[in-house]
2 protein chains.
Amino acid sequence: MSSGDAYGDPETRRRILEATRELISKHGSDLRLGDVADRAGVSRQTIYLHFGDRTHLLVALVRHMDESLDLGESLAHVRAADNSSEAIARTMELHSSFSAAIDSVALVLESAQYEDEALSTAWRDRMRFRLGVHRDLVQRMADCGDLADTWTVDAAADLFYAVTLPGPWRELTRELGWSDEQYIEGMSGFLQRALLSDTDEG
Amino acid sequence: MSSGDAYGDPETRRRILEATRELISKHGSDLRLGDVADRAGVSRQTIYLHFGDRTHLLVALVRHMDESLDLGESLAHVRAADNSSEAIARTMELHSSFSAAIDSVALVLESAQYEDEALSTAWRDRMRFRLGVHRDLVQRMADCGDLADTWTVDAAADLFYAVTLPGPWRELTRELGWSDEQYIEGMSGFLQRALLSDTDEG
DNA sequence: GCCTTAAGTTTACACTGCGTAAAGCAATCT
DNA sequence: AGATTGCTTTACGCAGTGTAAACTTAAGGC
């Protein structure tokens, strides 16, 4: 009912998802399905026909955004870095642009996940993937001998991941007035000092 | 109507706030005022008499928790540390116990702040205070010459603050299975390496 | 003892947003 | 022509918030 078998015209579906994304970025979690319908140029019931309920609309939105953002290319660029310091810097560049793009949706999903089973799994899926990316990165650092002795790969990966969550990004850039550059520079330096061995920090 | 002039019996007020806290830790942001009333042994209308509406109940809860937690003592213990490394470690101990105590409420407030003016100011007030505590701490490090040259006091304070927000704590301890000790140890080491000058990391 | 005020209860109701149900309409397939 | 698909329209049930008004109970003033 929810995942594979899409009801109706894919174009209509897409328009609804786009409308949802736009309204979330304006009104956060208190978006009304009626407004989404209006914005998509569709009746409210159509949303129910396509997605079943509010929750599954948001779940679909997560997938939709992942698909439309096409992470693969950016990740390849990170992996192409020829030293650990540069890899961290490129990761933070990616985080910066990515966070800005998904923040309003992330905010809603983050907070809804603890009240909603389906949303929770969708969001945690995403986060697991994110964690995996960081783990690979840290593993590479370790393989090069760049990871400081203090850290196991797992511990460093978890910290790298946790510290670059949307929350801290939001606080620094949205509340404390850091520019994108400041965030990238600051966090990169922070992580390089914390994770890499003292010999080659950059 | 909301802040200074408290309506009714302070004891009743306290019971309502306690009930709110307990129910939030169970049901998160979808607590129902009816349930709060039941739990507090009071009619639903009494809540409205005391707090006006749902929002101002939550605002009052923020103040209530701050008062009941009595931060002062713990902060004194942090300041009594005789080197920067130890100060960071003690800060993380404080964060650990504190985060666990307020997490469920923090989660609700964090997410609601972007939809609700009154809640937003209440929560940001709290966060400003938190930031100030970290800034003082970093200032002390700088005064001792322990802060790494890379950092200005402001940048280091912002990062210290942002990285120790409830979000990362929640992710590490709740989702990635870190124990309290692991969080304290891991984050302390992380911050010490990142912020302190290379000569004396501990 | 009587009056007043404060604190809280009870009942009732309006409003909003979610979700469901059913009938109808237009286009397309066969 | 008949059936299916995609969507609309109208209608309704339900839960939770917030408001209003009338009633109860207890404490204080004098």
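In the block above lies the structure referred to throughout.
Please read all numbers here as calculations on a predicted model, not as lab measurements.

Caption draft 1: Layout of the overall build of chain A. For chain A, the helix and strand inventory stands at ten helices and zero strands. Along chain A, helices and strands appear, N-terminal first, in the series α-α-α-α-α-α-α-α-α-α. Seen along its three principal axes, the alpha-carbon backbone of chain A occupies a region of about 60 × 35 × 30 Å. Among the 202 residues that make up chain A, the fraction classed as buried is 39%. Sequence separation of 24 or more characterises 63% of the internal contacts of chain A that already satisfy a separation of 6 or more.

Caption draft 2: Inspection of the protein's contact with DNA strand C at higher detail. The environment of DNA strand C is formed by 16 residues, the closest being Arg54 of chain A together with Gly8, Thr12, Ser43 and Thr46 of chain B. Of all the elements in the fold, those that place two or more residues in the surface near DNA strand C are helix H2 (33–40) and helix H3 (44–51) of chain A together with helix H3 (44–51) of chain B. When residues of the surface near DNA strand C are assigned to their parent elements, the largest contribution, three residues, is made by H3 of chain B. Of the residues assigned to the surface near DNA strand C, the class counts are five nonpolar, seven polar and four charged.

Caption draft 3: Geometry of the protein's contact with DNA strand D. Gly8, Thr12, Ser43 and Thr46 of chain A together with Arg54 of chain B are the nearest of the 16 residues found near DNA strand D. Here the surface near DNA strand D is composed, by residue class, of five nonpolar, seven polar and four charged.

Caption draft 4: Region of interest: the interface of chain A and chain B. Facing 26 residues of chain A, the contacting portion of chain B comprises 26 residues. Taken together, the elements giving at least two residues each to the side of chain A that touches chain B come down to helix H6 (84–112), helix H8 (153–163), helix H9 (166–175) and helix H10 (180–195) of chain A. The class makeup of the residues in the side of chain A that touches chain B is twelve nonpolar, seven polar and seven charged.

Caption draft 5: Layout of the packing of H6 of chain A against helix H7 (residues 117–143) of chain A. Residues and elements named next belong to chain A. It is at 13 Å that the axes of H6 and H7 come closest, and there the two elements cross at 170°. Considered as vectors, H6 and H7 are oriented roughly antiparallel to each other. In this structure, H6 uses Ser84, Ala87, Thr91, Leu109 and Ala112 to contact H7, whose residues at the interface are Leu119, Trp123, Leu137 and Met141. A class-by-class count of the residues in the contact of H6 with H7 yields seven nonpolar, two polar and no charged.

Caption draft 6: Looking closely at the nonpolar core. Ala156, Phe160 and Leu195 of chain A together with Ala156, Phe160 and Leu195 of chain B are the most contacted members of the largest nonpolar core, which has 60 residues in total. Filtering out sequence-adjacent residues up to four positions away, leucine 195 of chain A remains in contact with Met141, Leu147, Ala148, Trp151, Ala156 and Phe160 of chain A.

Parameters and conventions
- Residues numbered from 1 in each chain as written.
- Chains lettered and ligands numbered in written order.
- Predicted model: local features only at pLDDT ≥ 70, side-chain atom pairs only at ≥ 80, totals over all residues.
- Helix = DSSP H or I, 4+ residues; strand = E, 2+ residues; numbered from the N terminus.
- Buried ≥ 20, exposed ≤ 12 C-beta atoms within 10 Å, placed from the backbone.
- Contact = placed C-beta atoms within 7 Å.
- Near = placed C-beta within 6 Å.
- Nonpolar A, V, L, I, M, F, W, Y, C, P; charged D, E, K, R; others polar.
- Axes fitted to C-alpha atoms, helices over the stretch in contact; angles between N-to-C directions.
- Parallel < 35°, antiparallel > 145°, perpendicular 65-115°, else oblique.
- Core = buried A, V, L, I, M, F, W, Y, C linked by C-beta atoms within 7 Å.

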